[in-house]
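# Observations on chain architecture
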Amino acid sequence: MFRLKNMRKTTKNNLITFGIVIGFYVVIQILSAMGLLTSSLSGQLVPICAYVILAISLNLTVGILGELSLGHAGFMSVGAFSGTIIWTVLYGQVPNWLGLVLSFVVGGVVAGLFGFIVGVPVLRLSGDYLAIVTLAFGEIVKNVMNACYLGYDSTGLHISFKDAASMNMDPSGTTLINGAMGITGIKKASTFTIGIVLVILTLLVILNLINSRAGRAIESIRDNEIAARSVGINITKYKLMAFITSAVFAGIAGVLYSLNYSSLVAKKFDYNTSILILVFVVLGGIGNIRGSVIAAALLTVLPELLRAVNDYRMLIYAIVLIVVMIFSQSPQVVAWRKRVMDGFRSRFNPSKAKEVQ
Amino acid sequence: MKKLISAALASAMVLSLAACGATGDSNGSSAAASTGDAAATAEASNADGSTPIKLGGIGPTTGSAASYGIAVMQGEQLAVDEINAAAGKTVFELKFEDDEHDAEKSMNAYNTLKDWGMQVLLGTVTSTPSLSVAGEAVNDNMFMLTPSASAVDVVETGDNVFQMCFTDPNQGIVSADYIAEKGLGTKIGVIYDSSDAYSMGIYNAFAEEAAAKGLEVVTAEAFTSDNKSDLSTQVAKCQDAGADLVFLPIYYNEASQILIAADKVGYKPTFFGCDGMDGILTIEGFDTSLAEGLMLLCPFSATATDETTQKFVSAYEAAYNETPIQFAADAYDCVYAIYQCVQNGSINGDMSFSDMCEALKTEFTTMTFNGTTGEGQTWAADGTVNKPPRVYVVHDGAYQTAE
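Residues numbered from 1 in each chain as written. Chains lettered and ligands numbered in written order. Predicted model: local features only at pLDDT ≥ 70, side-chain atom pairs only at ≥ 80, totals over all residues.

### Some words on the overall build of chain B
What counts, and what does not: The helix and strand labels rest on DSSP assignments: H or I over at least four residues marks a helix, E over at least two residues marks a strand, and numbering proceeds from the N terminus. Partly exposed residues are those whose C-beta has more than 12 but fewer than 20 other C-beta atoms within 10 Å; 20 or more makes a residue buried and 12 or fewer makes it exposed, with C-beta atoms placed from the backbone.
In terms of regular secondary structure, chain B is built from twelve helices and 15 strands. For chain B, with 403 residues in total, the buried portion stands at 53%.

Rendered as structure tokens:
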């Protein structure tokens with residue numbers, strides 16, 4: 001207890017975040033062992049993990065770097081497609097764990113590469129302009145993947161952007177991406193355990209980055225770019241660092257997500273998905289990593305809990321979003337919350353209240 | 001005062017959420033207690049001791065594809081109500097879940113239905129979500145009969161997945177054969193949606209078969225779901241290429257725009273569509289005279305004169321105050337096909353969904369079914385349906401059988 005008190009505040013905070021994730025895992029495992037876990041909830045565990053990773057990684061761009069990105073689903077998409085292709089091609093040829101690790105690595109690296117390609121020209125922009133360009137990036141990825149036909153036969157890879165026939169493959173060839181049909185017949189591989197391991201990995205990397213020297217440099221760019229430049233911080237380098245890290249984890253989340261289903265289509269990764277992830281970040285609190293984790297998990301489960309009220313589902317979902325937003329962001333409500341909390345504090349702990357006064 | 005109201009609203013919200021969560025949990029624990037098999041619950045059985053069979057339906061009842069999901073839901077509900085009323089007991093229970101035409105939501109809906117104790121899945125309505133759900137249904141050995149997911153990959157997922165509708169490639173091939181056989185056009189133009197699996201599936205097979213039959217495809221114009229607000233360019237290109245027949249393997253909303261655009265420039269080829277075209281006469285504000293002469297390959301017509309169709313159409317109109325489209329007819333047939341198996345005595349409500357799946361697999365590959373979408377329907381072992389295709393032509397705002 002003594003050591004906990006002397007611990008640095010950020011370390012303590014981060015430990016609580018890890019504690020929540022591990023606690024969630026343990027609770028689910030216990031429920032599952034007791035047979036209390038519904039199919040409905042167990043089916044959502046992997047998507048929850050994927051959305052949590054996406055929210056954490058987007059929070060790095062939006063909350064820590066302070067740039068609005070509306071193309072996060074684009075990175076998720078390129079990661080998902082590249083990782084899934086690796087998984088499908090390697091399936092049965094290498095041990096499953098190796099194929100899985102490779103597909104996550106490839107998904108992350110490819111998404112990171114796209115992060116770099118997009119980031120170099122785009123990070124010269126900021127604010128609204130950056131938002132528009134990232135939005136366009138997401139749409140470009142969606143449309144290109146939608147029109148993309150990829151297959152391989154004995155003579156090598158074939159690609160076409162017109163239709164399946166113009167790939168000119170041998171009849172014995174295998175189609176990997178079938179245009180708007182995407183990838184079908186994926187062997188499912190994602191499990192809740194893999195998801196939680198990846199969430200913890202993401203938290204480790206991103207929390208350490210935030211609390212490092214580089215992280216402080218990134219935050220200084222957010223707070224005042226001119227001042228940061230004047231003290232000699234390499235703006236482009238640190239912006240790219242945050243942007244690419246964010247893209248890599250979006251790619252990994254994409255692989256985790258796609259390997260949970262037997263088919264993958266580009267249409268899923270559209271503007272709406274980008275916005276959904278942004279909603280997780282904003283509701284959880286911009287720059288607040290633990291908030292993103294909780295918001296992503298709750299808002300993924302919420303629409304399913306509301307199935308009971310059927311037609312009013314989306315209405316209630318929207319109202320909840322608005323209420324939470326007002327409750328956590330509106331200045332008046334924040335002030336009111338503070339008054340109530342102070343009231344509680346003075347009632348239960350008069351000595352401390354006096355100290356504050 | 002404002003604060004008070006917002007606080008009250010917020011607490012009401014929390015309470016309602018808690019209530020929802022609680023019901024979800026209790027459903028789940030009861031399903032978990034029976035560990036998935038033999039979902040026979042005492043309170044649901046009939047007076048004569050038989051247990052109702054739980055049918056699950058999945059489809060988009062909200063969102064862009066809602067018209068199809070709602071049609072299927074209503075078709076299934078109508079059939080279930082009719083069967084239960086005729087039998088004088090609860091033969092089927094139906095629960096229909098929304099998937100918003102999204103694979104992830106569809107999986108969630110499937111899992112929710114499993115918690116409820118579903119024994120047969122009559123879905124899903126659209127192809128993309130179907131692919132994901134089919135994968136899971138194969139893992140679980142849950143019998144899946146989709147009314148309208150026509151992508152060929154759906155049935156290829158496993159041997160317990162069956163289709164009530166034609167597959168996309170099948171429609172493309174039959175269309176090309178029909179056009180070649182009847183000599184409907186010498187120069188053929190195609191307008192298709194390259195971002196849509198349904199449209200691409202038909203187009204690819206059509207292009208192949210057309211080449212094999214010696215049809216001349218002079219132009220193939222694509223659009224995507226993002227740029228379909230103006231399709232006059234595609235129409236103009238078909239006109240420039242001199243196409244005298246334009247093949248439209250697309251849904252009726254886009255097709256109606258093409259008809260309007262063609263009418264504006266005075267271009268009058270023969271238009272030929274597939275089952276997605278069904279519904280074009282019901283679009284609000286669309287001048288149906290523009291559709292005069294439009295041909296479509298479709299297994300169902302609300303104006304057909306046979307007894308089964310007439311009975312279905314009048315019951316549907318009485319119940320929902322609208323004319324059924326092909327999706328509703330397919331869904332209606334799905335329930336009756338399962339009912340035929342019940343009457344044959346091969347399945348009953350006390351079976352686990354896995355045993356039921358095995359029984360239905362044998363039954364479906366051997367039986368012959370007569371329904372609103374065709375007489376003498378049979379299923380191949382791969383799950384595809386075999387029924388005679390029908391071609392209709394629009395005349396005076398109604399379908400008529402083409403010569």
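Right, picking up where we left off after that structure.
### Comments concerning the overall build of chain A
Stated precisely, the cut-off is as follows: The globule rule used here is 2.2 Å times the number of residues to the 0.38 power, and the radius of gyration it is set against is calculated over C-alpha atoms.
When helices and strands are tallied, chain A shows 15 helices and five strands. Taken over C-alpha atoms, the radius of gyration comes to 22 Å for chain A, in line with the 21 Å a tight globule of 357 residues would show. Taken along the three principal axes of its C-alpha coordinates, chain A extends 85 × 60 × 45 Å. Residues classed as buried in chain A amount to 43% of the 357 residues present.

### So, the sheet that holds strand β2 (residues 92-98) of chain B
All names here are of chain B. Our working definition: Pairing between strands is defined by DSSP: at least two bridges between them are needed. Every angle, taken between N-to-C directions, lies between 0 and 180 degrees, and every axis is a line fitted to C-alpha atoms, over only the stretch in contact when it is a helix.
The five strands lie next to each other as β2-β1-β3-β4-β5, forming an open sheet whose pairing is parallel. Lying at the two open borders of the sheet, with one neighbouring strand each, are β2 and β5 (161-163). Recorded for the sheet is a direction-independent mean angle of 20° between the axes of neighbouring strands. Strand direction decides the pairing type here: strand β1 (residues 53-59) and β2, joined by seven bridges, are parallel. What sits directly across from Lys54, in β2, is Glu93.

### Points about the packing of helix α7 (residues 192-210) of chain A against helix α10 (residues 235-258) of chain A
Residue and element names in this part refer to chain A. The cut-off we apply is this: Under this scheme an angle from 65 to 115 degrees is roughly perpendicular, one under 35 degrees roughly parallel, and one over 145 degrees roughly antiparallel; angles in between are oblique. Placing C-beta atoms from the backbone, we regard two residues as in contact once those atoms come within 7 Å. Three residue categories are used. Nonpolar comprises Ala, Val, Leu, Ile, Met, Phe, Trp, Tyr, Cys and Pro, charged comprises Asp, Glu, Lys and Arg, and polar comprises the others, including Gly.
Interaxial distance between α7 and α10 falls to 11 Å at its minimum, and their mutual angle equals 175°. By the angle between their directions, the pair α7 and α10 is classed as roughly antiparallel. Between α7 and α10, the residues in contact are Ile194, Gly195, Leu198, Thr202, Ile206 and Leu209 and Thr245, Phe249, Ile252 and Leu256, respectively. Class assignment of the residues belonging to the contact of α7 with α10 gives a composition of seven nonpolar, three polar and no charged.

### A short note on the interface of chain B and chain A
Opposite the 40 residues of chain B that make contact, chain A presents 36 residues. Put simply, the parts of the chain that give the side of chain B that touches chain A at least two residues each are α1 (2-33), α3 (103-116), α4 (127-140) and α7 (197-212) of chain B. The dominant element in the side of chain B that touches chain A, judged by the number of residues it contributes, is α1 of chain B, at 14 residues. Here the residues of the side of chain B that touches chain A sort into 14 nonpolar, 17 polar and nine charged.

### A word on the environment of Ala164 of chain A
By the element assignment, Ala164 of chain A lies in the loop between β2 (156-160) and β3 (174-178). Ala164 of chain A sits 51 residues away from Gly215 of chain A along the chain, and the two C-alpha atoms are 47 Å apart. Setting aside residues up to four positions removed in sequence, Ala164 of chain A forms contacts with Tyr149, Thr175, Asn178 and Gly179 of chain A together with Asn204 of chain B.

### Details of unusual backbone geometry
For the bond from Gly123 of chain B to Thr124 of chain B, the omega torsion is -5°, close enough to zero to count as cis. Structurally, Thr124 of chain B is set in the loop between β3 (120-123) and α4. For Asn168 of chain A, which is not glycine, the phi torsion reads 55° and is therefore positive. With respect to the element layout, Asn168 of chain A can be found in the loop between β2 and β3.

### Section: the packing of helix α4 (residues 72-90) of chain A against helix α5 (residues 96-122) of chain A
Residue and element names in this part refer to chain A. Put simply, the test is: Crossing handedness follows the turn of the near helix against the far one: under a right angle anticlockwise gives a left-handed crossing, and clockwise gives a right-handed one.
Relative to each other, α4 and α5 sit at 150°, their axes nearing to 8 Å. Note that α4 runs across α5; the crossing there is right-handed. Packed against α4, whose contacting residues are Phe75, Val78, Gly79, Ala80, Ser82, Gly83, Thr84, Ile86, Trp87 and Leu90, the element α5 presents Gly99, Leu100, Leu102, Ser103, Phe104, Val106, Gly107, Gly108, Val110, Ala111, Phe114 and Gly115 at the interface. Residue composition of the contact of α4 with α5, grouped by class: 13 nonpolar, nine polar and no charged.

### Side note on the domain arrangement of chain B
Residue and element names in this part refer to chain B. To keep it simple, the criterion reads: Here the bounds of each domain stem from an automatic or database domain assignment.
Entries for chain B in the domain assignment read domain 1 (50-165 + 301-388) and domain 2 (169-298). In this structure, domain 1 and domain 2 have C-alpha centres spaced 29 Å apart. Listed by partner, the interface residues are ten residues for domain 1 and nine residues for domain 2.

### Details of the sheet that holds strand β13 (residues 385-386) of chain B
Strands belonging to one sheet form pairs held by backbone hydrogen bonds; the direction of such a pair is parallel or antiparallel. Residues and elements named next belong to chain B. Pairing is antiparallel in the open sheet, where three strands are placed in the order β11-β12-β13. On the outer flanks of this sheet lie β11 (369-371) and β13, each paired with one strand and no other. Relative to β13, strand β12 (residues 374-379) is paired through two bridges, and the arrangement is antiparallel. Considered in β13, the bridge of Trp379 is made with Val385.

### Points about the pairing of β1 of chain B
Residues and elements named next belong to chain B. Definition in use: By convention a crossover is right-handed if, when the strands point away from the viewer, the path from the first strand over the helix to the second runs clockwise.
The element β1 is extensively covered by neighbouring structure, given that seven of its seven residues are classed as buried. Of the two faces of β1, both are covered, the one formed by Ile53, Leu55, Gly57 and Gly59 as well as the one formed by Lys54, Gly56 and Ile58. Crossover β1 to β2 through helix α2 (residues 66-87) is right-handed. Looking at chain direction, β1 and β3 are connected through four bridges and run parallel. Bridge pairing links Leu55 to Val120 in β3.

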